[in-house]
Amino acid sequence: MRQLAAIMFADMSGYTAIMQENEQLAKLKRKRLKAVLETSMPLFNGNLLQYYGDGSLSIFSSAIDSVQCAIQIQQMLKEDPAVDLRIGIHTGDIAIEDGTVYGDGVNLASRIETLAVAGGIFVSEKVYDEIKNQDNIRTREMGYFEIKNVKNAVRVFAIANDGITVPARVEIKGKTKQPSNRLAVLPFVNMSADPENEYFSDGITEELLNALTKVEGLQVTSRISAFAFKGKNDDIRDIALRLNVDKVLEGSVRKAGNRVRITAQLINAADGYHIWSESYDRSLTDIFEVQDEISSIIANRLRENLTVAENTTSLVKAPVKNLDAYNLFLKGLHFYNKLTPADTQKAIQYFEEAIALEPAYSQAYAMTAAAVAYLGATGQKETHKAFDIVHRYSDKALELDPHLAEGHIAKGSAYLFYNWQWSKGYESLQKAIELNPAATEAYRLLAFYYIITRQKQEAVTVMEKALQLDPLSPVINHYLANAYLFMERYDDALLQANKVLEMHPQMRITLELTGWCSGMMGDWLKALEIFKEVYRLTNHPLKGVTPMGYAYGRLGERNKALECIAKLEQRQVEDPDVVMDSDLAMVWWSLRDADKVFSYLDQSVNKRLGPLALIIQLPQFKELTDDPRYASLKKELGL
């Protein structure tokens, strides 16, 4: 029998030593522990499955109940004769056969218990997600831990209620492998008199980050997670816990005319100790030499922990001779990273201006291709026009620099969202990851490839890997939730989406995703309320209409669904570059008009609508797969 459960491991601390010194006391303590466990469990609907030596294994149907039970147990065991107990809790899928419990969740709960200290309760992130809004439960984050036989680092929280022991991170240092050779490059502070130079300090940060990803054996946290701390004064040790790194690079940039001063400090995260610090006063013409010098120093400072010899090769290759072109490129990056269609248009303008001044600027070609691919894939630019540019510019970028990961990513996006050449898209993205293992955009597109080719578990796995590299990125967090949605793991998708909304409460695509989860779990009324809020946030009468129309259709409100269809048709008239066919297919499917649905999907094929192969894998279209026309559609898509 399989079930989802909260799994609690409890283990006496130092029992063997007590037994050797005073056998009678050891037996008394063990008897008291058993009495407290058996008294507490029924009060919180717990099921004590087995004792083993000086420990026990219990399961609960509720994570909240399991934690409240653990708190009571620890508080009771403070009384004489006191018992030092470690408790670890995790939620997961388990199987019970002949009284024995199996499952990965059991293994992880056991590992978390071994991390805990006497009198303490440690819980996994999954448990934390269930209890974080409980007023009577207090927690403290302990950070990420590398745990034996567990593939990815595990984020652990300590219960911090009265009477519960909460250790310092250093107290549990010896119980687990610490992260090593993991570096976060924090946004360099703009110290220039002109705040407009912010783009320059951000650009320097990003260039250094990209250079350090080339160091073999060094794992560098991706840009978005590192930039989550921009403008904040968080303690370096807290930042390191959240990003699961052991070293942090921070600094500042002061630009005045043709001169620049860059300061940089490499900090050991465990104690805040400065491993190395340096200032550079240079002409802007030396900017690439400074970047290379800083990168090389850091790489060589870390080399005693690396498996490679001292770095002697240049990590930063001067991409341009014209510094005005470099400035324009950095401005383009500044707008590109804002992730909105309007800002992406501005980014393209700056990249194009950089190319006009420096016709051999490979990075500018690659980033123009990436920006246009985003507009084409999201229906903001006519598909044929968009991906003609993407191919031309990515080809030029790779002609100038075959080792440019961004060029391969842009090329891969064109294969996936326009040409529907799946194997070529896969090869391009794998090449990008080989060149830059921290290129999380490649992981995101690779997840799309896996969904399109019906390897949905692989999509989840690759997004979980991306999350390790970029744990605070709202984009990566969102697309992990999206991968869960495609797998029909709606509970996991909701939990993951709510994490994103905690960071960015008005992130529309994630709010919409929670609506789809609610609807697919059977509550289309709740979904409709969420979709109405998404529509309100678009602040446009003809945008954000599709999910609302689908919910109306599923609720039997045909006239309101048809009103939404009319709005979609009106938008198509007003903005011919926007492709609305798949949206129209979605709403018509809520009314179960399969003829209309396939008519619009066929038009999507003719227009080469980028994400069509992804769209038809949505669980909303699952019942459509029985129609013979679905197989024909897949054939046209080369699937």
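All values reported here derive from a predicted model rather than from experimental measurement.

**As for the overall build of the protein**
- In terms of regular secondary structure, the protein is built from 27 helices and 14 strands.
- For 639 residues, the compact-globule formula gives about 26 Å, and the C-alpha radius of gyration of the protein, at 27 Å, lands near that figure.
- Expressed along its principal axes, the backbone C-alpha trace of the protein runs to roughly 85 × 70 × 40 Å.
- Across the 639 residues in the protein, those meeting the buried criterion constitute 57%.
- Side-chain charges in the protein split into 72 positive and 83 negative, and the spacing between the mean points of these groups amounts to 1 Å.

**Thoughts on the nonpolar core**
- Counting residues in each nonpolar core, the largest one holds 142 residues, and the members touching the most others are Phe-200, Leu-249, Phe-329, Phe-387 and Leu-601.
- The residues touching Phe-329, leaving out its near neighbours within four places in the chain, are Glu-207, Phe-351, Ala-354, Tyr-361, Gln-363, Ala-364 and Met-367.
- Counting 33 residues, the second-largest nonpolar core is a separate cluster that includes Met-8, Ala-26, Ile-87 and Ile-121.

**Brief notes about the pattern of salt bridges**
- The final tally for this structure, using the stated rule, is 28 salt bridges.
- The salt bridge partner of Arg-155 is Glu-141, with a shortest N-O separation of 2.9 Å. With Arg-155 in strand β8 (residues 154-159) and Glu-141 in strand β7 (residues 139-145), this residue pair connects regions lying 14 residues apart in the sequence.
- A relative accessible area of 22% places Glu-141 in the partly exposed class.
- Across the pair Glu-623 and Arg-592 runs a salt bridge whose closest N-O atoms are separated by 2.9 Å. Of this pair, Glu-623 sits in the loop between α26 (612-615) and α27 (628-636) while Arg-592 sits in the loop between α24 (581-590) and α25 (594-606), and the two are 31 residues apart along the sequence.
- Owing to a relative accessible area of 34%, Arg-592 belongs among the partly exposed residues under this scheme.

**What about the packing of aromatic side chains?**
- Counted by the stated rule, this structure contains 15 aromatic pairs.
- Centre to centre, the rings of Phe-329 and Phe-351 are 5.5 Å apart; their planes meet at 40 degrees, and the pair counts as tilted. Residue Phe-329 is located in helix α10 (residues 323-336), and its partner Phe-351 is located in helix α11 (residues 341-357); the two are separated by 22 residues in the primary sequence. Note on accessibility: Phe-329 and Phe-351 belong to one class, buried.
- A ring pair is formed by Trp-516 and Phe-531, whose centres lie 4.9 Å apart and whose planes are at 55 degrees; its orientation type is tilted. Of this pair, Trp-516 sits in helix α20 (residues 508-520) while Phe-531 sits in helix α21 (residues 524-538), and the two are 15 residues apart along the sequence. The exposure classification of Trp-516 matches that of Phe-531, with both residues buried.
- Feature note: the residues Trp-516, Trp-524, Phe-531 and Tyr-550 constitute an aromatic cluster, connected by ring pairs.

**Thoughts on α25**
- Here α25 contains 13 residues, and its C-alpha end-to-end distance of 18 Å stays within 8% of the 18 Å for a straight helix at 1.5 Å per residue.
- Within the span of α25, buried status applies to Ala-594, Val-597, Phe-598, Tyr-600, Leu-601, Ser-604 and Val-605. Summarising the axial view, the buried residues of α25 lie within an arc of 165 degrees, below the 170-degree limit, and thus occupy one face. Residues of α25 that are exposed and point over 90 degrees away from its buried face: Asp-595 and Asn-606.

**Notes on the side chain of Asp-343**
- Secondary-structure assignment places Asp-343 in helix α11.
- Buried charge without a partner: Asp-343 forms no salt bridge, and the closest opposite charge is Lys-346, 4.4 Å away.
- In contact with Asp-343, not counting residues within four places along its chain, are Phe-335, Tyr-336 and Lys-338.

**Quick notes on the environment of Ser-599**
- Within the element layout of this structure, Ser-599 appears in helix α25.
- Considered as a pair, Ser-599 and Pro-167 are 432 residues apart in the sequence and their alpha carbons are 63 Å apart.

**As for the packing of helix α6 (residues 198-212) against α10**
- At a minimum axis separation of 9 Å, α6 and α10 run at an interaxial angle of 90 degrees. Looking at the two axes, α6 sits roughly perpendicular to α10. Residue-level inspection shows Tyr-199, Phe-200, Asp-202, Gly-203, Ile-204, Glu-206 and Glu-207 of α6 in contact with α10, the latter providing Tyr-326, Asn-327, Phe-329, Leu-330, Lys-331, Leu-333 and His-334.

**Let's talk about the environment of Gln-3**
- Of note, Gln-3 is situated in strand β1 (residues 2-12).
- Here Gln-3 falls in the partly exposed class, since its relative accessible area comes to 27%.
- For the pair formed by Gln-3 and Ile-96, sequence separation is 93 residues and the distance between their alpha carbons is 8.4 Å.
- Once residues lying within four places of it in the same chain are set aside, the contact partners of Gln-3 are Ile-59, Gly-92, Asp-93, Ile-94 and Ile-96.

**Focus: the packing of helix α18 (residues 474-486) against helix α19 (residues 490-503)**
- The interhelical angle for the contact between α18 and α19, taken along N-to-C directions, is 165 degrees, at an axis separation of 8 Å. In terms of orientation, α18 and α19 fall into the roughly antiparallel class. Relative to α19, the crossing made by α18 is left-handed. Facing Pro-474, Asn-477, His-478, Leu-480, Ala-481, Tyr-484 and Leu-485 of α18, the residues of α19 in contact are Tyr-490, Asp-492, Ala-493, Gln-496, Ala-497, Val-500 and Met-503.

**So, the pairing of strand β4 (residues 85-97)**
- The buried count for β4 comes to eleven of 13 residues, which makes it a mostly enclosed element.
- For β4 and strand β6 (residues 121-124), the ladder comprises three bridges, and the chain directions are parallel. Bridge pairing in β6 links Ile-87 to Ile-121.
- As defined by bridge partners, β4 adjoins strand β5 (residues 100-102) across three bridges and the pair is classed as antiparallel. Following the sheet pairing, Ala-95 is matched in β5 by Tyr-102.

**Examining empty space enclosed by the protein**
- Throughout the structure, instances matching the rule amount to two cavities of 30 Å³ or more.
- A volume near 60 Å³ is recorded for the largest cavity.
- As for the largest cavity, its lining consists of Arg-182, Gln-219, Val-220, Thr-221, Leu-243, Asn-244, Val-245, Gln-468 and Leu-469.
- Counted by class, the lining of the largest cavity contains four nonpolar, four polar and one charged residues.

**Quick look at the side chain of Lys-247**
- On the secondary structure map, Lys-247 appears in strand β12 (residues 247-256).
- A polar atom in the side chain of Lys-247 sits 2.9 Å from the side chain of Asp-246.

**Points about unusual backbone geometry**
- The omega torsion of the bond from Asp-80 to Pro-81 falls at -10 degrees, within 30 degrees of zero and hence cis.
- Relative to the helices and strands, Pro-81 resides in the loop between α3 (63-76) and β4.
- In this model, Asn-45 sits at a positive phi of 60 degrees, which is unusual for a non-glycine residue.
- Within the fold, Asn-45 resides in the loop between α2 (23-40) and β2 (46-52).
- Although it is not a glycine, Trp-420 adopts a positive phi angle of roughly 55 degrees.
- As for its position among the elements, Trp-420 is in the loop between α14 (405-419) and α15 (422-435).

The rules we used
Residues numbered from 1 in each chain as written. Predicted model: local features only at pLDDT ≥ 70, side-chain atom pairs only at ≥ 80, totals over all residues. Heavy atoms only, no water. Helix = DSSP H or I, 4+ residues; strand = E, 2+ residues; numbered from the N terminus. Rg over C-alpha atoms; globule rule 2.2 N^0.38 Å. Buried < 20%, exposed > 50% of the residue type's maximum accessible area, 1.4 Å probe, protein only. Lys, Arg positive; Asp, Glu negative; His and termini not counted. Charge placed at Lys NZ, Arg CZ, Asp CG, Glu CD. Core = buried A, V, L, I, M, F, W, Y, C linked by side-chain atoms within 4.5 Å. Contact = heavy atoms within 4.5 Å. Salt bridge = Lys/Arg side-chain N within 4 Å of Asp/Glu carboxyl O. Phe/Tyr/Trp six-rings, centres within 6.5 Å; stacked < 30°, edge-to-face > 60°. Expected span 1.5 Å × (residues − 1). Arc of directions from axis to C-beta. Axes fitted to C-alpha atoms, helices over the stretch in contact; angles between N-to-C directions. Parallel < 35°, antiparallel > 145°, perpendicular 65-115°, else oblique. Left-handed = near helix turned anticlockwise from the far one by under 90°. Pairing = 2+ DSSP bridges. 1 Å grid on protein atoms, 1.4 Å probe; cavity = no way out; pocket = protein on both sides within 12 Å on 5 of 7 lines; lining within 4 Å. Points joined across faces, edges and corners; volume = space filled by probe spheres on them. Nonpolar A, V, L, I, M, F, W, Y, C, P; charged D, E, K, R; others polar. Polar contact = N/O pair within 3.5 Å; in protein donor to acceptor, adjacent residues only side chain to side chain.

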